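Observations on chain architecture
Residue-level listing of the chains:
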Amino acid sequence: MKAHTASLINAITLIVCSAWAYLAVSGGHWTPLIPGIVGVALIACYSGVKAENKVIAHIAVLLTAMILIALFMPLRSAFQSGDVLAMVRAVLMIATTAFALFAFIQSFRAARKARA
């Protein structure tokens with residue numbers, strides 16, 4: 001799968017799961033929206049990644065790596081609270097983010113090999 005497609009799927013998953021978490025949490029906390037904000041930023045990078053713009057692709061990789069690391073906190077909280085739906089959301093976001101990061105790495109390797 002192309003890196004831009006994997007990134008788009010990841011961005012949509014982050015936005016949907018983030019909105020789902022925000023609506024599921026009572027009290028109006030805004031922290032569940034953080035992955036959604038990163039998803040919006042990834043969608044903003046989509047056309048640059050698709051056009052193989054190196055700077056934008058590296059920005060997208062940085063955002064993807066940062067959110068991957070950050071998503072382990074909600075997963076830990078979900079396990080501690082025993083909230084199965086929160087676990088599902090966190091695992092889904094982690095899985096698509098890890099897949100997108102893998103697709104980016106494969107894309108960068110292929111570009112490097114093509115230059116050589």
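Everything discussed here concerns the structure shown above.
Here we summarise the structure given alongside this text.

The rules behind these values
- Residues numbered from 1 in each chain as written.
- Predicted model: local features only at pLDDT ≥ 70, side-chain atom pairs only at ≥ 80, totals over all residues.
- Heavy atoms only, no water.
- Axes fitted to C-alpha atoms, helices over the stretch in contact; angles between N-to-C directions.
- Helix = DSSP H or I, 4+ residues; strand = E, 2+ residues; numbered from the N terminus.
- Left-handed = near helix turned anticlockwise from the far one by under 90°.
- Contact = heavy atoms within 4.5 Å.
- Nonpolar A, V, L, I, M, F, W, Y, C, P; charged D, E, K, R; others polar.
- Patch = residues over 30% accessible without salt bridge, like charges linked within 9 Å, V, L, I, M, F, W, Y side chains within 5 Å.
- Areas by Shrake-Rupley, 256 points an atom, 1.4 Å probe, with all protein chains shown as cover.
- Salt bridge = Lys/Arg side-chain N within 4 Å of Asp/Glu carboxyl O.
- Buried < 20%, exposed > 50% of the residue type's maximum accessible area, 1.4 Å probe, protein only.

Quick look at the packing of helix α3 (residues 54-70) against helix α5 (residues 84-115)
At a closest axis distance of 9 Å, the pairing of α3 and α5 adopts a crossing angle of 145°. Here the hand of the crossing between α3 and α5 comes out left-handed. In contact with Lys54, Ala57, His58, Ala60, Val61, Thr64, Ala65, Ile67 and Leu68 of α3, α5 contributes Ile94, Thr97, Ala98, Ala100, Leu101, Phe104, Phe108 and Arg115. When the residues that make up the contact of α3 with α5 are grouped by side-chain class, the tally is 12 nonpolar, 3 polar and 2 charged.

Thoughts on a nonpolar patch on the surface
Residues Tyr22, Leu23, Trp30, Leu33, Ile34 and Ile37 make up a contiguous nonpolar surface patch of about 620 Å² in total accessible area. Elements supplying a minimum of two residues to the nonpolar patch: α1 (3-24) and α2 (34-50). Within the secondary structure, Ile34 sits in helix α2.

A few points about unusual backbone geometry
It is generally the case that most residues other than glycine have a negative phi and that most peptide bonds are trans. The phi dihedral of Glu52 falls on the positive side, at around 60°, and the residue is not glycine. Looking at the element boundaries, Glu52 is found in the loop between α2 and α3. A relative accessible area of 68% places Glu52 in the exposed class.

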